[in-house]
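Geometric and topological summary
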Amino acid sequence: MGEFGVSGGGERLLLADTPSLYFRAFHGVPRSVRAPDGMAVNAVRGLLDVLARQIVELRPRRLVCCFDADWRPAFRVALIASYKAHRVADPVSAPVSPVADAGGPGVAGLQAGGAGGVVVEEVPDELEAQLPVIDAVLAAFGIARAEAAGFEADDVIATLATRHSVGRVGPVDILTGDRDLFQLVCDDAGVAVRYAVEKFALVDEASVSARYGIPGRAYADFAVLRGDPSDGLPGVAGIGAKTAAALLVRFGSLSAALAALDAGVVEGFPARAAARLAAARDYLAAAVGVVAVVRDVPLEAVSGVLPVAPVDPVALAELTARYGLAGSVGRLTAALAAVAPA
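Note that the structure is predicted; figures quoted are calculated from it, not measured.

Tallied over the full model, the rule gives 16 salt bridges. A salt bridge links K84 to E152; its shortest N-O distance comes to 2.5 Å. Here K84 is found in the loop between α3 (74–79) and β3 (111–112), whereas its partner E152 is found in the loop between β5 (144–146) and α6 (153–166), with 68 residues between them in sequence. For E152, a relative accessible area of 4% puts it in the buried group. Between R145 and E147 there is a salt bridge; the shortest N-O distance is 2.9 Å. Since its relative accessible area comes to 31%, E147 is described here as partly exposed. Members of the salt-bridge network, linked through shared partners, are R76, K84, E152 and D155.

The buried fraction of strand β1 (residues 13–17) is high, at five of five residues. Covered by surrounding structure in β1 are L13, L15 and D17 together with L14 and A16, the residues of both alternating faces. Inspection of the sheet shows β1 paired to strand β2 (residues 62–66) by five bridges, in the parallel sense. Its bridge partner lying in β2, A16 is registered against C65. Examined bridge by bridge, β1 and strand β6 (residues 172–176) share four bridges and lie parallel to one another. Counted as the bridge partner of L14 is D173 from β6.

Under the definition given, this model contains nine aromatic pairs. Ring plane angle 45 degrees and centroid distance 5.2 Å describe the contact between Y212 and F222, whose orientation is recorded as tilted. Of this pair, Y212 sits in helix α7 (residues 205–212) while F222 sits in helix α8 (residues 219–226); the two residues are ten residues apart in sequence, bridging distant segments of the chain. A relative accessible area of 17% places Y212 in the buried class. Residues F251 and F269 carry aromatic rings whose centres are separated by 4.7 Å and whose planes lie at 40 degrees to one another, so their mutual orientation is tilted. Of the two residues, F251 is situated in helix α9 (residues 241–251) and F269 in the loop between α10 (254–262) and α11 (273–279); the sequence distance between them amounts to 18 residues. Both residues of the pair, F251 and F269, count as buried. Here the aromatic residues F182, Y195, Y212, Y219 and F222 are joined through ring pairs into a cluster of three or more. Over the ring of F67 we find R145; its NZ or CZ atom is 3.8 Å from the centre of that ring.

Reading the values: the criteria
Residues numbered from 1 in each chain as written. Predicted model: local features only at pLDDT ≥ 70, side-chain atom pairs only at ≥ 80, totals over all residues. Heavy atoms only, no water. Salt bridge = Lys/Arg side-chain N within 4 Å of Asp/Glu carboxyl O. Helix = DSSP H or I, 4+ residues; strand = E, 2+ residues; numbered from the N terminus. Buried < 20%, exposed > 50% of the residue type's maximum accessible area, 1.4 Å probe, protein only. Pairing = 2+ DSSP bridges. Phe/Tyr/Trp six-rings, centres within 6.5 Å; stacked < 30°, edge-to-face > 60°. Lys NZ or Arg CZ within 6 Å of the ring centre and 35° of its normal.

Okay, structure coming up:
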């Protein structure tokens, strides 16, 4: 079997937005879930249980857990300084360095170059302590991981999904609680999101249209226009979700709407929308580059073949005993065995 993106036939790929999943697990699984020594392990167990359930349900042949090497990339901050600024821990005293401190596996996503210096994401201590455990358990299982310096997990996911789709080797399912990845949904390419916020409901083009009243592949343009406070993106003043949807239905895309504006077309623009777009041209030019995921990051080939059993059972047994993970590890082990090729 060759490396991911090169070989395979009819193979379903499962891409996990790992930071999104472990953050959700940390806040969704009771803090009372602890290791024998009292350490919280709710994020570890929640993540493993999600992977086990989705492996059994979707029966992928390949799985890659994607991580942030940079949770707040400098190229996005340079375009819009407010990008994720509200998540920065102690921004005044954050140390300054021309290069982000990569940290160790799992901790890499907590530190980023940002606007030229190290910027640390505000993460609860009890979650931060679990990240090395997540890394160690995934490694003991032999589950592939991927990250790329200077990019977020979203960009890694976009790149792997694009490679897989271009190779026509099978469908792609993206596990995430982040709506930003709705922009990757493409029925023709077989790319769908399994949305964690709604019990991993399938999000395809019809679902995007039903949710937002927009063309199925127009989510990125919709997010640019409407804005996204969770990422520090203000959107276009005076244009909310309804007006953004109307523009995209009328013109098909943001670029087409702006071309019509430049051509002096007034028909089809909701009241005052044309003037508001014209006033926001600088913001729009920057926001498109922030919202759009990068689909061609310089990512090394990664073997995503799903293991049929843990590759390091000794290490996994030690981790299981130390952190009280027997139930979750057992479920993931069983899931791998259940979908193993005959």
